[in-house]
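Results of the structural survey
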Amino acid sequence: QVQLVESGGGLVQAGGSLRLSCAASGRTVSNYGMGWFRQAPGTERHIVVAISRNGVPTDYANSVKGRFTISRDNAKNTVYLQMNSLRPEDTAVYYCAAKELYETEWTYWGRGTQVTVSS
């Protein structure tokens, strides 16, 4: 089992940047694929970007391509989401999640961190 805790959210002006962190405990994140999800008010949660165990990222949301970058530091047992050129529509609760190899569902979830982008 792995526990995930997000941090780094907050209020930022449009065009600014934030870096979210997902700290894992219990097991090393090197054993898992990791992903960042977000849920905006009135919408369902959806995946934004993910990263494989060997560090290969995949973008899922067209709206964040070129602006968001996922990375992982297995030595620190932490996954990051660097968010640049933020827009008001990026406002959401951002969640970190982990997935086992060959598992179809995301098993472990953090509680989320709020990101608010003002205009």
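To start, this report covers the structure provided alongside it. Because the structure is a prediction, the values reported are computed rather than measured.

**Here's the deal with the pattern of salt bridges**
- In total, this model carries two salt bridges according to the counting rule given.
- Between Arg38 and Asp90 there is a salt bridge, with the nearest N and O atoms lying 3.0 Å from each other. Linking Arg38 in strand 4 (residues 32-39) with Asp90 in the loop between strand 8 (78-83) and strand 9 (92-100), this pair joins segments that are 52 residues apart in sequence.
- On the basis of relative accessible area, Arg38 is assigned to the buried category, the value being 7%.
- Note on Asp90: relative accessible area 0%, which makes it buried.
- Look at the salt bridges and you will find they share partners, linking Arg38, Arg67 and Asp90 into a network.

**A word on unusual backbone geometry**
- For Asn77, which is not a glycine, the phi torsion comes out positive at approximately 55°.
- The topology assignment puts Asn77 in the loop between strand 7 (68-73) and strand 8.
- Residue class for Asn77 comes out buried when judged on its relative accessible area of 14%.
- Residues other than glycine seldom take positive phi values, yet Tyr102 does so here, at roughly 70°.

Cut-offs applied
- Each chain has its residues counted from 1, running along the sequence as written.
- In keeping with the predicted nature of the model, local features appear solely for residues at pLDDT of at least 70, side-chain atom pairs appear and are counted solely at 80 or more, and the whole-chain, interface and lining totals rest on all residues.
- Note that the side-chain values use all heavy atoms of the structure and ignore hydrogens as well as water.
- What counts as a salt bridge is simple: a side-chain nitrogen of Lys or Arg found within 4 Å of a carboxyl oxygen of Asp or Glu.
- Put simply, DSSP marks the helices as runs of H or I at least four residues long and the strands as runs of E at least two long, and each gets a number from the N terminus on.
- Whether a residue is buried, partly exposed or exposed follows from its accessible area with a 1.4 Å probe, protein chains only, as a fraction of its type maximum: under 20%, in between, or over 50%, in that order.

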